[in-house]
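Breakdown of the fold
Each chain is listed here by its residues.
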Amino acid sequence: MKPAVRTALIGSAALSACVVIGVAAFPWSMLRGEAERRLSDHYGRPVKLAALERVNSFSLSPRLRIRGLSVPQASWAGSGSTIAIRQAEFDLSLPALLIGSTRLRNVRVEGLRLDFVRSADGRESWKRTRTKTSSGSGGPMIEGLRITDGRLIYRDAKRDRTLNAALAVGPGGLKLDGNGTVLGAPVRMTASGPAVTGTAAWPFQADIAGQALTMRAKGQMDRPLDLRHMALTVTARAANLSYVDAIIEAGLPRTQPVQLSAKARRDGTDWTVSDLNGSIGRSHIAGGATIRKRDGRSIIEGDVHSRQFDFDDLSDAHGRAIAAAKRAKAGPRVIPDTAIDLRKVARTDGRLTLRADRLLWPGPSPFRSLTGTLDLQHSLLRIDDLKLGLSHGAMTGSIRVDQRRGRPVMRLALDLDDGRLIDFAPNTQVDGRLDGRMRLTGTGRTIRAAIARSDGHVSLVARDGALPARTAALLGQDLLKGLTLDKAKQASLRCAVVRLDVRRGMGTANPILIDTTRARTDITGRVNLNGERMMLVMRGTAKQDSALKLHGPITIAGTLKQPEIALPEGGPVKTILKSIGRAMDGKKEPVAADAACAILARRAMAVG
């Protein structure tokens, strides 16, 4: 080897040795000020560090001691410290640090206090001012951790939950035990796990116990304290689903009491939920979903299956009381007051498949089952494959709510096929095949409000049915036969045709008629969907000679749920006298011909 090369190699080796020796013997106390500056920049607050000392004198894994570390609260969170450590010691692996990995060994912490605050608008005091989205572990690798005299305090105004718990970590494992509140309800919170050391999977268990909420999460993290990568099984019992939502933050409503279980997997900001099973009130819930965070938005995809489902279970006692008060004020209504305001999910997208094998109702209802897929993208909600199974037939179609420009715009396109009239009016003894079409577009924050301002049309056609002969005679204003015919006698319902052309919530009859083998009844007027008030006039004509006809139009007022029928001016007495007079004059009452049911039905059901 040439002398110059030998000299260069010796010089390089000597230099490397000097660097290693210098690093191994580096006086870390010199970096206390720099550590304060970097931590202050990290949190955006003036961090204080009383001392940074080296415990051993020479090592590539120096043992360091810090004393009096204090990270002050954010200015909006009040006084005190977010993080305070009386003293901590740890071994720092310099070789790992040189390759970009922070590895701490034999960490000993005395006097740890964590005081975390989240504001009502979602600001979090423990997070740094500049945060980059990452799927990594979010912290250094820790091999061996002990904490004595530790305390965790948590105050969350956004989700109305608190915790004040003692925290200890040692050779026997991790123990967290304290009291708190969830939506104002007192609870006890505990958590446990084995010793915090190494990089192997770390099992854990966390419990919340209280009168209003009991939850247990049991599983394992990919490595100790790796909250961003874990698999767990969760069970929950709560007086209301909102208590569970206060923990998992999924935007769930207040409901009847719940019992649920599920498996979950977290990777970074993504969650996968499987084997969901349980009950809400008397409703059964099962399914699974994935929840991902991307660019500040939540993306949810999944499916929910229910063996039986009651929509009333989606309201708690308070919600039901509010609904009852609304009903008492507005009176009984046909159109539901269901909210369609999407502001609370403005940053949520996703696709959810729904299936309910059996729908439960407080009373008789023709609606038996439900299937559909909810697709939500940037405040546009679409249900394009909705199907409501009926006692006979089905209602199918789509619902769209578009809130991209402010107030919700709802579009209903629903078809009723092969239904039965008696299923919707069981007390009338009137039956027949029932078909319908609804095409309405309106603006409002509830279904009722949107329909009250809607444009479009509503059509119903009943055909090939039957009804009591007395009812048919009265529809023809034949008073005598309406009172004297045999109660068991039946008449045929040739057709009943209803079409309301709707403009700004006002529906105009175009036409409304009932045609039976005994009479034809024509109804004119309007229905105000804002309040569901009717302003209709009915004129009936018998198809056979009528000895005692009720002369003059009959008015129909009131609401769709509670109609008010008024006889012609003068009532039955005047009618009888007038009919007797006409009979004495030899005048016969006019009779009606059959309506062109097929043509009228086709026109009424046209969607163009």
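What counts, and where the lines are drawn
Residues numbered from 1 in each chain as written. Predicted model: local features only at pLDDT ≥ 70, side-chain atom pairs only at ≥ 80, totals over all residues. Heavy atoms only, no water. Helix = DSSP H or I, 4+ residues; strand = E, 2+ residues; numbered from the N terminus. Buried < 20%, exposed > 50% of the residue type's maximum accessible area, 1.4 Å probe, protein only. Contact = heavy atoms within 4.5 Å. Areas by Shrake-Rupley, 256 points an atom, 1.4 Å probe, with all protein chains shown as cover. Pairing = 2+ DSSP bridges. Polar contact = N/O pair within 3.5 Å; in protein donor to acceptor, adjacent residues only side chain to side chain. Salt bridge = Lys/Arg side-chain N within 4 Å of Asp/Glu carboxyl O. pLDDT = per-residue confidence, 0-100. Expected span 1.5 Å × (residues − 1). Phe/Tyr/Trp six-rings, centres within 6.5 Å; stacked < 30°, edge-to-face > 60°. Disulfide = S-S within 2.5 Å. Core = buried A, V, L, I, M, F, W, Y, C linked by side-chain atoms within 4.5 Å.

Looking now at the overall build of the chain. Looking only at helices and strands, one finds 11 helices and 30 strands in the chain. When the 608 residues of the chain are sorted by exposure, 41% land in the buried category. Across the chain, every contact between residues at least 6 apart in sequence was considered, and the portion connecting residues at least 24 apart equals 51%. Here the chain displays about 32200 Å² of accessible surface, and carbon together with sulfur accounts for 57% of that area.

The next thing to look at is the pairing of strand 5 (residues 141-156). Pairing between strand 4 (residues 103-118) and strand 5: 14 bridges, direction parallel. Looking at the pairing, Arg-103 lines up with Met-141 of strand 5. In the sheet, strand 5 pairs with strand 6 (residues 161-170) via 8 bridges, with the strands oriented antiparallel. Its bridge partner being in strand 6, Leu-152 is matched across the sheet by Ala-165.

Before going further, it helps to examine the side chain of Thr-255. Within the fold, Thr-255 resides in the loop between helix 4 (241-248) and strand 12 (258-267). Thr-255 gets classed as buried once you look at its relative accessible area, which sits at 0%. A distance of 3.1 Å separates a polar side-chain atom of Thr-255 from the backbone nitrogen of Leu-241.

What follows deals with the pattern of salt bridges. This structure, assessed with the given rule, holds 47 salt bridges. With its nearest N and O atoms 3.0 Å apart, the salt bridge here joins Asp-156 to Arg-161. We note a salt bridge from Asp-522 to Arg-520, for which the minimum N-O separation is 3.0 Å. By relative accessible area, Asp-522 is classed as partly exposed at 30%. Look at the salt bridges and you will find they share partners, linking Glu-53, Arg-63, Arg-65, Arg-67, Glu-89 and Asp-91 into a network.

On to the pairing of strand 9 (residues 202-209). As paired strands, strand 8 (residues 185-193) and strand 9 are joined by 5 bridges and run antiparallel to one another. In the strand pairing of strand 9, Met-189 is matched with Ile-208. For strand 9 and strand 10 (residues 213-221), the ladder comprises 8 bridges, and the chain directions are antiparallel. From the neighbouring strand, Trp-202 faces strand 10, where its bridge partner is Met-221. Where strand 9 hands over to strand 10, the hairpin turn is made up of 3 residues, counted between the paired strands.

To continue, consider the confidence of the model for the chain. Across the chain, pLDDT averages 88, with 89% of residues at or above 70. When the criterion is pLDDT under 50, residues 4-25 qualifies, and its contacts beyond four places in sequence or with other chains add up to 14 contacts. Low confidence marks residues 131-137, where pLDDT is under 50. Its contacts with residues over four positions away, or in another chain, come to 10 contacts.

In this section: helix 5 (residues 317-330). For helix 5, which comprises 14 residues, the first-to-last C-alpha distance of 20 Å matches the rise-based estimate of 20 Å (1.5 Å per residue) to within 8%. Gly-331 sits one or two positions beyond helix 5 and adopts a positive phi of about 85°.

This part is about the packing of aromatic side chains. Enumeration according to the criterion identifies 6 aromatic pairs in this entry. When the centroid spacing of 6.5 Å and the interplanar angle of 55° are considered together, the rings of Trp-361 and Phe-367 count as tilted. Given a relative accessible area of 29%, Trp-361 falls into the partly exposed group. On the numbers, 6.2 Å between centres and 90° between planes, the contact of Phe-367 with Phe-424 is edge-to-face. Remark: Phe-424 occurs in helix 6 (residues 421-424) and Phe-367 occurs in strand 19 (residues 367-377); sequence separation between them is 57 residues. Grouping aromatic residues by their ring pairs yields a cluster made of Phe-309, Phe-311, Trp-361, Phe-367 and Phe-424.

Here we take up the state of the cysteines. Here the structure, examined in full by the defined rule, presents 1 disulfide. Between Cys-495 and Cys-597 runs a disulfide, and the two sulfur atoms are separated by 2.1 Å. Note on the Cys-495 and Cys-597 pair: the S-S dihedral is about -70°, so by sign convention the disulfide is left-handed. With Cys-495 in strand 25 (residues 490-503) and Cys-597 in helix 11 (residues 597-605), this pair connects stretches of sequence that are 102 residues apart.

Summarising the element assignment, Asp-316 is placed in the loop between strand 16 (309-310) and helix 5. Within polar-contact distance, the side chain of Asp-316 engages the side chain of Asn-240 at 3.1 Å.

A word on the environment of Leu-500. With respect to the secondary-structure elements, Leu-500 resides in strand 25. Leu-500 gets classed as buried once you look at its relative accessible area, which sits at 12%. In the structure, Leu-500 is positioned 41 residues away from Ser-459 in sequence and 6.5 Å away in space, judged by C-alpha atoms. When residues no more than four places from it in sequence are discounted, the contact partners of Leu-500 are Gly-456, His-457, Val-458, Gly-507, Thr-508, Ala-509, Ile-512 and Val-527.

A word on the nonpolar core. Counting 66 residues, the largest nonpolar core has Val-109 and Leu-213 as its most contacted members. With 6 residues, strand 4 is the largest single contributor of residues to this core. Setting aside anything within four residues of it in sequence, one finds Val-109 in contact with Ile-85, Gln-87, Ala-88, Leu-145, Arg-146, Ile-147 and Thr-148. Counting 40 residues, the second largest nonpolar core, distinct from the first, contains Leu-467, Met-534, Met-538 and Ile-556.

This brings us to unusual backbone geometry. Following Asn-510, the chain continues to Pro-511 via a peptide bond in cis, the omega torsion being -5°. Looking at the element boundaries, Pro-511 is found in strand 26 (residues 506-516). Notably, Asn-106 is not glycine yet its phi reads approximately 50°, a positive angle. Despite not being glycine, Gln-477 has its phi angle at roughly 60°, a positive value. Positionally, Gln-477 belongs in the loop between helix 8 (469-475) and helix 9 (479-484).

What follows is about the environment of Leu-388. On the secondary structure map, Leu-388 appears in strand 20 (residues 380-390). For Leu-388, a relative accessible area of 15% puts it in the buried group. Distance from Leu-388 to Phe-367, taken between C-alpha atoms, is 6.5 Å for residues 21 residues apart in sequence. Residue contacts for Leu-388: discarding those within four places in its chain leaves Leu-359, Phe-367, Ser-369, Leu-370, Ala-394 and Met-395.

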